[in-house]
Amino acid sequence: MIVFLLFALGMYLLSVLLPFGFFDFFGRLPMAKVLVIIAMMVGFLSLLPFLMKKTTVDPTKPEKATVLITNGVYRFSRNPMYFSLLVLLLAFGLILGNAFNTIIAAGFVSYMNRFQIIPEERMLLETFGKPYKEYLSRTRRWF
C-alpha cells in the first residue's frame, strides 16, 4: 500500500509541477468514477477468497500462504489486487488530467513486477510446487 501511495503522490506532484500535459475530454471524470468502481469490485473479489480460506493477504509474507487460490477473479489474473491498485492509479490520473501520469502508472507496473510479483512467485512456487507452476502457465500475470 505504501508503494501505491508513493506512486499516487508522484502523479499528484507531476500534475502540479509540470506546466504542460493537461488533457480534458467529455466524460473524463465519469470515466474515472467507473474505474474506481471497477477497482473496488476487483479488489473486494480478490480479497474475499483469501478471507474465506483464512490465508494471508500480506504480500510481504507469501511464505505464510496456506492455500493456493485459482478460482474467481484469479482465473483471469494472478494479481487482481495489484491490478485493482493500477486501475485506481489510472482513475487518479484521469482526475488529475495530466497525460504524463500514464508513465507513472506504467512505472508502477514495472516496479511491482520486479520487486513484488517476481519474488512472490518464487516463494509461491516453492510453497505450492507443480500446481502453482501449472497455474502460472494458464493465467496471465495482470489481466
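Conventions adopted
Residues numbered from 1 in each chain as written. Predicted model: local features only at pLDDT ≥ 70, side-chain atom pairs only at ≥ 80, totals over all residues. Heavy atoms only, no water. Helix = DSSP H or I, 4+ residues; strand = E, 2+ residues; numbered from the N terminus. Buried < 20%, exposed > 50% of the residue type's maximum accessible area, 1.4 Å probe, protein only. Contact = heavy atoms within 4.5 Å. Lys, Arg positive; Asp, Glu negative; His and termini not counted. Charge placed at Lys NZ, Arg CZ, Asp CG, Glu CD. Polar contact = N/O pair within 3.5 Å; in protein donor to acceptor, adjacent residues only side chain to side chain. Patch = residues over 30% accessible without salt bridge, like charges linked within 9 Å, V, L, I, M, F, W, Y side chains within 5 Å. Areas by Shrake-Rupley, 256 points an atom, 1.4 Å probe, with all protein chains shown as cover. Salt bridge = Lys/Arg side-chain N within 4 Å of Asp/Glu carboxyl O. Axes fitted to C-alpha atoms, helices over the stretch in contact; angles between N-to-C directions. Parallel < 35°, antiparallel > 145°, perpendicular 65-115°, else oblique. Left-handed = near helix turned anticlockwise from the far one by under 90°. Expected span 1.5 Å × (residues − 1).

## Things to note about the overall build of the protein chain
For the protein chain, the helix and strand inventory stands at five helices and zero strands. Projected onto its principal axes, the C-alpha positions of the protein chain cover 50 × 25 × 25 Å. Per-residue burial for the protein chain yields a buried fraction of 36% across its 143 residues. Looking at the protein chain alone, contacts between residues at least 24 apart form 80% of all its contacts between residues at least 6 apart. Across the protein chain, the 15 positively charged side chains and the 7 negatively charged ones have centroids separated by 4 Å.

## Side note on the side chain of Ser15
Residue position: Ser15 is located in helix α1 (residues 2-17). Within the structure, the side chain of Ser15 is placed 2.8 Å from the backbone oxygen of Tyr12, a separation counted as a polar contact. Those residues in contact with Ser15 that lie beyond four places of it in its chain are Leu96, Asn98 and Asn101.

## Side note on the side chain of Asn79
Relative to the helices and strands, Asn79 is located in the loop between α2 (28-53) and α3 (80-96). Residue classification places Asn79 among the buried residues on the basis of a relative accessible area of 8%. With sequence-adjacent residues up to four places away left out, Asn79 is seen in contact with Ile117, Glu120, Glu121 and Arg141.

## With respect to a nonpolar patch on the surface
Together, Ile2, Leu6, Leu9, Tyr12, Leu13, Val16 and Leu17 give the surface a local cluster of nonpolar side chains, amounting to about 730 Å² of exposed area. Within the secondary structure layout, Leu9 lies in helix α1. Using a relative accessible area of 44% as the deciding quantity, one classes Leu9 as partly exposed.

## Considering the packing of α2 against α3
In contact at an axis separation of 8 Å, α2 and α3 are set at 165° when each is read in the N-to-C sense. The angle between α2 and α3 falls in the class roughly antiparallel. The handedness of the crossing between α2 and α3 comes out as left-handed. Along its contact with α2, which presents Arg28, Leu29, Met31, Ala32, Leu35, Val36, Ala39, Val42, Gly43, Ser46, Leu47 and Phe50, the element α3 presents Pro80, Met81, Phe83, Ser84, Val87, Leu88, Leu90, Ala91, Leu94, Ile95 and Leu96.

## Focus: α3
Along its 17 residues, α3 runs 24 Å from first to last C-alpha, staying within 8% of the 24 Å computed at 1.5 Å per residue. Taken together, the buried residues of α3 touch α1, α2 and α4 (101-128). After α3 finishes, the residue Gly97 shows a positive phi value of roughly 75°.

## Details of the pattern of salt bridges
When their charged atoms lie close together, side chains carrying opposite charge are able to pair. Going through the model one piece at a time under the given rule, you end up with five salt bridges. Here Asp24 and Arg28 are joined by a salt bridge, their closest N and O atoms 2.8 Å apart. Its relative accessible area of 53% is what places Asp24 among the exposed residues. With a closest N to O distance of 2.8 Å, Glu121 and Arg141 form a salt bridge. A residue pair is termed long-range when its members are at least 10 positions apart, and Glu121 in helix α4 and Arg141 in the segment after α5 (130-138) qualify at 20 residues. Overall, Arg141 belongs to the partly exposed group, its relative accessible area being 25%. Sharing partners across several salt bridges, the network here consists of Arg78, Glu121 and Arg141.

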